[in-house]
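Read off the chains here:
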Amino acid sequence: HARLAGGVGGITYLPDGRLIIGYHPFYDPAVKVGLLNATRDGTTPYPSAEWQSCKRADGSQKDPNTCLNWVLGLHTDANGILWMLDSGQSAPRITPKLVGWDTQANKLHRIVPIPSPASIAESQHNDFVVDTKRNVIVIADEAIATGPVGDKAALVVVDLGTGQSRRLLQGHVSVMPDQTRPITVDAGTPGAKTIKAFVGVDGITLDARGERLYYAPLNGAK
């Protein structure tokens with residue numbers, strides 16, 4: 001177990017077994033991505049403290065390709081590249097991007113921007129899968145950045161060979177939130193409550209053979 005001060009948004013292991021923690025951006029964390037300390041009671045900023053903010057000490061803006069703005073999904077691929085999905089939502093918003101960090105050489109591998117029309121104003125890129133066989137990343141875009149109604153949710157496919165992205169299935173029933181199913185918290189307990197937020201495609205995973213992609217909206221049953 002680990003004891004951490006902050007809400008965890010995602011985790012992934014490095015090839016050497018160390019654990020990377022992504023802190024949930026809803027809580028505006030000072031450290032967005034951290035390496036779990038050996039004492040398991042905190043983290044060290046990863047890949048460095050400089051990457052954790054897109055603002056300098058004087059308030060001026062950094063080059064968005066040198067920092068993390070709003071990170072939720074993160075995964076380490078079979079080649080030891082830690083991919084961090086930066087939805088770019090903290091003010092001032094930046095173009096969403098994937099940051100690939102070479103964990104073995106400890107240096108930046110590449111930045112892959114995800115501009116319009118693959119990203120839209122509503123985009124909240126949540127999680128993703130890395131398909132090293134086809135050299136693509138598939139992102140679940142909940143589409144709730146501008147309000148709690150994910151009616152423009154979609155999948156975003158990033159071709160790592162070309163760096164190009166495309167938006168798929170926007171408006172399709174498989175990615176849309178079920179408007180009859182509000183989010184229920186603590187179901188079955190006296191403190192149960194519902195939240196009127198309708199979130200599009202959220203969970204996403206690839207099977208072990210890399211043949212089938214599974215995904216689902218947060219408000220949904222299949």
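Since the model is a prediction, treat every value here as computed from it, not as a measurement.

## Describing the overall build of the chain
Part 1 of the reasoning: Regarding its fold elements, the chain presents 0 helices and 16 strands.
Part 2 of the reasoning: Taking 17 Å as the expected radius of gyration for a compact globule of 222 residues, we find that the chain reaches 17 Å, a close match to that expectation.
Part 3 of the reasoning: In terms of principal-axis extent, the alpha carbons of the chain reach across some 45 × 45 × 40 Å.
Part 4 of the reasoning: Taken over 222 residues, the chain has a buried fraction of 43%.
Part 5 of the reasoning: For the chain, the accessible surface area stands at approximately 11,500 Å², while carbon and sulfur atoms represent 52% of it.

## Digging into the environment of isoleucine 139
Part 1 of the reasoning: Structurally, the position occupied by isoleucine 139 is in strand S10 (residues 136–141).
Part 2 of the reasoning: Spatially, the C-alpha atom of isoleucine 139 lies 6.6 Å from that of histidine 125, the residues being 14 residues apart in sequence.
Part 3 of the reasoning: Beyond its immediate sequence surroundings of up to four residues, isoleucine 139 is in contact with Leu85, Leu98, Ile114, His125, Asp127, Phe128, Ala154, Leu155, Val156, Val158 and Ile204.

## Remarks on the pattern of salt bridges
Part 1 of the reasoning: According to the stated counting rule, one finds 6 salt bridges in the structure shown.
Part 2 of the reasoning: Among the salt bridges present, the one from lysine 152 reaches glutamate 122, with a minimum N-O distance of 3.2 Å. On the criterion of sequence distance, the pair formed by lysine 152 in the loop between S10 and strand S11 (154–159) and glutamate 122 in the loop between strand S8 (107–113) and strand S9 (125–131) is long-range, its members being 30 residues apart.
Part 3 of the reasoning: Between aspartate 178 and arginine 181 there is a salt bridge whose closest N-O contact spans 3.5 Å.
Part 4 of the reasoning: Under the relative-accessibility criterion, arginine 181 is labelled partly exposed at 42%.

Rules of the game
- Residues numbered from 1 in each chain as written.
- Predicted model: local features only at pLDDT ≥ 70, side-chain atom pairs only at ≥ 80, totals over all residues.
- Heavy atoms only, no water.
- Helix = DSSP H or I, 4+ residues; strand = E, 2+ residues; numbered from the N terminus.
- Rg over C-alpha atoms; globule rule 2.2 N^0.38 Å.
- Buried < 20%, exposed > 50% of the residue type's maximum accessible area, 1.4 Å probe, protein only.
- Areas by Shrake-Rupley, 256 points an atom, 1.4 Å probe, with all protein chains shown as cover.
- Contact = heavy atoms within 4.5 Å.
- Salt bridge = Lys/Arg side-chain N within 4 Å of Asp/Glu carboxyl O.

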